[in-house]
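# Geometric and topological summary
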Amino acid sequence: MSLSLTQTLSPSIVVLRAPSVADRLVAAGGEAAEAAERAWSADAFHAQERVLARLARAGAPARPDHRFSRALNGFSASLGAVQVAALEADPAVAGVYPVRRAVGLPAARPRRGGAVPDPGGRRDAVGTGAGRAGAGAGAGIAVIGAGATQTAALAAAVAGRAPGSLTLPVVVQGPPTTVGLLAALERALDPDGDGDCHDAARVIVIGVVEPLAALPDAPSARAVAGAAALDSVVVVPVGEGGAAGPLYGSLAGPAGASAAIIVAAGELRAGQVNLAAGSASGLAPGRSASFVLAPGRRSVDAAAAVAAEVALLLQVRPGLSARTARAVVEGSARPALPPAAGVADLAAALAAEVAVELSALAVDGTGVATVRNISTRPLRVEVTVDGAGTALPHALALAPGASGRVVIHTSAPTQSAPLGAPLGAPLGALSTGDAVNAGALVVTPDDGVAARARWVRVSPRPVPLLAHVTLTRPFGATVSDATPARLDISAGAVLGTGATRQFRPLARLDVELWSARRRLGLLVRLRDVLPGRYVVGLTGRGPGGARLAPGRYAVRVVAVPADGTVAQRRDLSFRVT
């Protein structure tokens, strides 16, 4: 049986299992020579060639239009259903993902200061060795925008707040898409394009986002993780998707990346967060980390402000790694309601003595935090929990540069989350059936300022993710090449309307072929599926393209939620003649 979404080619991104330069650097312990990184980049391209060669031998050749090797290993190409199926079956391929439309967020120019640097200037001066070859006078900042005007405005906004840093505008070429965003990240990580990332920008601020697509497994989120592994701090705005949530709201990609500093725009009044009008809100599915609030009318303005603060922090404290700098910025943010939010505080970040990195919470709500002494004096720190949970040990003694581990046990979510309530409203204002536990690990040095690692643990209520699945046979009761059938799938869910929306996307949508009780194979796999309607055509052929023997078969549609809840399925039968 042959299944296809359309009869035309679809722009796709193929992510390989073979390591990128970032993966190889992590395996090497964070240090590598320039020649080694160039060799690793070449190895990534060779791995892509091997996958493409196997695809050509299978009779389904593809021609890549962009290749990526620094932050992730993969390529983009226009692919048909046969090519996608062959790639998904290739053990060297991690997955085939859709190319999404992206939008360039407009940025306001600063009122004074911040001349726009010349993009044709010395690009090798932008980086400071990705933090691995020593510190420069100022941190290099790469500013990714859509179009020269928007990029220049964003670059000016950053430069006006961090005058001691070097700024590199990186324009997304062509219509903004996921591919353009990934290519721009590659240029920010390797400005001269030689495969060596020692000239990478220390700070990367993204002004191009994928609306409503803040998915943790997306290629853009993977690339952000790769950039962080290359010691670049990535700052991502939440986007302008409008009020939603607070569970699984309207955040744009790559705001689902746990390795990024996620920034919203607004203000703090009476201890509560008030988002800017039109700003996205809520959580990204599967993400339990916090976000940072900064002044601004748009989230991209706030992201520019936070990126400048990160650059100033690295200028004063150049020895901080990207992970530690992100932890310092998030941990020094002033507490606000809801507990997952914090208001950026540069003075507190500059004075921070400890950095707290909290791993993702396990299913049972257990997490491990690494507490690092980043000061020059020995510290004794007190460990407490702000919220429902416990932490052990209660205190740590840390020498300069030393670190310790704290184990956190959060309580099971019991509090109802306010569907569509203002972001600053106390949790529990309205009942929706979704339970949430938000809190923070608080680490306080003697005679010092506390650092926080915030979490949100969510137990979303079950909702139908395959609301409508129908099989239409317009040419009769049987299915064949001459009489194909149509499979209509309404996948994912959108709960509520307007400001009360919650988006429940899928990590994966599979269509399987079954005969009696035996699974014959995977016919179609879609990844990072946003709520919507999807159409698949059925003919009389099996997963490998061979004609099926006459008889009764079934298609099984499986929806795997992006939030980690239980997969759902629907079965529909048909007959082949």
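To be clear, the structure that these remarks concern was listed above.
Below is a summary of the structure that appears in this document. Source: prediction; values computed, not measured.

Moving on, we come to the pattern of salt bridges. For the coordinates displayed, the defined rule picks out 20 salt bridges. When the shortest N-O distance is used, the salt bridge between Arg-527 and Glu-88 registers 3.0 Å. With a gap of 439 residues between them, Arg-527 in strand 32 (residues 518-529) and Glu-88 in helix 3 (residues 81-89) connect regions that are remote in the sequence. Of the two residues examined, Arg-527 and Glu-88, each falls in the buried class. The residue Arg-525 makes a salt bridge to Asp-510 at a minimum N-O spacing of 2.9 Å. Of the two residues, Arg-525 sits in strand 32 while Asp-510 sits in strand 31 (residues 506-515), which places them 15 residues apart along the sequence. Overall, the relative accessible area of 22% leaves Arg-525 in the partly exposed class. Among the charged side chains, a salt-bridge network with shared partners connects Arg-70, Glu-186 and Asp-190.

This next bit is on helix 5 (residues 178-189). With 12 residues, helix 5 should cover 16 Å at 1.5 Å per step; its first-to-last C-alpha distance of 17 Å lies within 8% of that length. Along helix 5, the positions that sit buried rather than exposed are Thr-178, Val-179, Gly-180, Leu-181, Leu-182, Ala-183, Ala-184, Leu-185, Glu-186, Ala-188 and Leu-189. Residue Thr-177 occupies the N-cap position of helix 5, its side-chain oxygen lying 3.3 Å from the main-chain nitrogen of Val-179.

Burial of nonpolar side chains together is a common tendency in soluble globular proteins. In terms of nonpolar packing, the biggest core is built from 58 residues, with Ile-144, Leu-189, Ile-204 and Ile-206 touching the most fellow members. At eight residues, the largest contribution of residues to this core is made by helix 5. Here Ile-204 is in contact with Ala-142, Ile-144, Leu-185, Ala-188, Leu-189, Ser-232, Val-233, Val-234 and Val-235, once residues within four sequence places are set aside. Grouped together as the second largest cluster of nonpolar side chains are 45 residues, Ala-139, Val-205, Ala-307 and Ala-349 included.

As a further point, take the side chain of Arg-457. Along the chain, Arg-457 falls in strand 25 (residues 451-459). For the buried Arg-457, no salt bridge exists, and the shortest N-O distance to an oppositely charged side chain is 6.3 Å, to Asp-364. Within the structure, the side chain of Arg-457 is placed 3.0 Å from the backbone oxygen of Thr-410, a separation counted as a polar contact. There is a polar contact of 3.1 Å between the side chain of Arg-457 and the backbone oxygen of Ser-411. Residues contacting Arg-457, with those up to four places away along its chain left out, are Leu-361, Val-363, Asp-364, Gly-365, Thr-410, Ser-411, Ala-412, Pro-413, Ala-435, Val-436 and Asn-437.

Moving on, we get to helix 4 (residues 148-161). Look at helix 4: 20 Å from first C-alpha to last across 14 residues, which is about the 20 Å you get at 1.5 Å a residue. Of all the 14 residues making up helix 4, 10 are buried; the element is thus mostly covered by neighbouring parts of the structure. Within helix 4 the residues assigned to the buried category are Gln-150, Thr-151, Ala-152, Ala-153, Leu-154, Ala-155, Ala-156, Ala-157, Val-158 and Ala-159. Close packing links the buried residues of helix 4 with strand 6 (103-104), strand 7 (140-146), strand 8 (166-172), strand 9 (203-206) and helix 7 (299-316).

So, how was this worked out
- Residues numbered from 1 in each chain as written.
- Predicted model: local features only at pLDDT ≥ 70, side-chain atom pairs only at ≥ 80, totals over all residues.
- Heavy atoms only, no water.
- Salt bridge = Lys/Arg side-chain N within 4 Å of Asp/Glu carboxyl O.
- Helix = DSSP H or I, 4+ residues; strand = E, 2+ residues; numbered from the N terminus.
- Buried < 20%, exposed > 50% of the residue type's maximum accessible area, 1.4 Å probe, protein only.
- Expected span 1.5 Å × (residues − 1).
- Polar contact = N/O pair within 3.5 Å; in protein donor to acceptor, adjacent residues only side chain to side chain.
- Core = buried A, V, L, I, M, F, W, Y, C linked by side-chain atoms within 4.5 Å.
- Contact = heavy atoms within 4.5 Å.
- Lys, Arg positive; Asp, Glu negative; His and termini not counted.

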